[in-house]
Structures are given as C-alpha cells and as structure tokens.
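Notes for the structure review
The primary structure of each chain is shown beneath.
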Amino acid sequence: MTNDDTGSAPAEKAERSILALLFDIRAIIAALLGIYGVLLLVAGIAPGLAEVGAKQFQHTPDRADMSAGSAGNLWVGGALVLVAAAFAAWALIGSRRAGS
C-alpha cells in the first residue's frame, strides 16, 4: 500500500528522511562544533584534569591564558555549543521543510 504519488511506502520515506538528515552538512558541522565545544567546557571547568599527565613539565605562564583569563575555555566552549545547537535546529527545520 502506497501513501504518495511516487509509490514508496511511508516507512521508506521516513528512512530516507533520516538518512538525508544524517548526511546533511549542517548536522555534521553541528556535531563537530558540539564535540569540540563540550571538550572546551570540560577543560574550562576542570583545568586540573588537563594537566594530570603533565606533572613532569614545568608550568610557565601562557600569554593566551593571561590575556583571555582562565575562563577563556568556558567562553569559547559555551559559544561553540550554542552555535552547534543553532546548526542542529537549522538542519532539523530545513529537513522538515524539504520533506513536506
């Protein structure tokens, strides 16, 4: 039993829609920005975790740390997570609009 003019079943149409969303460039960009943003948030919240394996190295003040402050990872990570959420919403809205 078909539901549309093309002769495809509703399950096949839904599967194509999911595959189209997975391979949408906006969804891929959202995933990459989200992963990197979460990593930066973790590095900003718990900077000691980033230095656990580097105890044998002598710590010197970093110019970037001095200019951006110790909350630089938090700000950039938060911004990346927000941009990733915007890209994901854009991909979902765009795929629903194209599917109808």
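Residues numbered from 1 in each chain as written. Predicted model: local features only at pLDDT ≥ 70, side-chain atom pairs only at ≥ 80, totals over all residues. Heavy atoms only, no water.

Scanning the protein chain from terminus to terminus reveals five helices and zero strands. Its helices and strands taken in sequence order, the protein chain reads α-α-α-α-α from the N to the C terminus. For the protein chain, restricting intrachain contacts to residue pairs at least 6 apart in sequence, the fraction spanning at least 24 positions comes to 83%. Taken as a whole, the protein chain presents about 7900 Å² of accessible surface, with 68% of it coming from carbon and sulfur. (Helix = DSSP H or I, 4+ residues; strand = E, 2+ residues; numbered from the N terminus. Contact = heavy atoms within 4.5 Å. Areas by Shrake-Rupley, 256 points an atom, 1.4 Å probe, with all protein chains shown as cover.)

Evaluation of the coordinates by the stated rule reveals one aromatic pair. Judged by centre distance (5.8 Å) and plane angle (50°), the rings of F87 and W90 are tilted. Note that F87 and W90 are positioned in helix α5 (residues 72-99) at a spacing of three residues, about one turn of the helix. The class of F87 is partly exposed, set by a relative accessible area of 22%. The side chain of R26 reaches across the aromatic face of W90, ending 5.1 Å from its centre. (Phe/Tyr/Trp six-rings, centres within 6.5 Å; stacked < 30°, edge-to-face > 60°. Buried < 20%, exposed > 50% of the residue type's maximum accessible area, 1.4 Å probe, protein only. Lys NZ or Arg CZ within 6 Å of the ring centre and 35° of its normal.)

What follows is about a nonpolar patch on the surface. A cluster of nonpolar side chains, namely I25, I28, I29 and L32, defines an oily patch on the protein surface of about 350 Å² accessible area. Mapping L32 onto the fold places it in helix α2 (residues 25-45). On the basis of relative accessibility, which here comes to 56%, the residue L32 falls in the exposed class. (Patch = residues over 30% accessible without salt bridge, like charges linked within 9 Å, V, L, I, M, F, W, Y side chains within 5 Å. Salt bridge = Lys/Arg side-chain N within 4 Å of Asp/Glu carboxyl O.)

Attention shifts here to α2. The first and last C-alpha atoms of α2 sit 30 Å apart over 21 residues, in line with the 30 Å expected at 1.5 Å per residue. Taken together, the buried positions of α2 are occupied by R26, A30, G34, G37, L40 and G44. For α2, the angular spread of the buried residues around the axis is 135°, confining them to a single face. Away from its buried face, by an angle of more than 90 degrees, α2 presents the exposed residues L32, I35, Y36 and L39. (Expected span 1.5 Å × (residues − 1). Arc of directions from axis to C-beta.)

So, about the pattern of salt bridges. Under the definition given, this model contains one salt bridge. Across the pair R26 and D24 runs a salt bridge, and its minimum N-O distance is 2.8 Å. In terms of burial, R26 and D24 fall into one category: buried.

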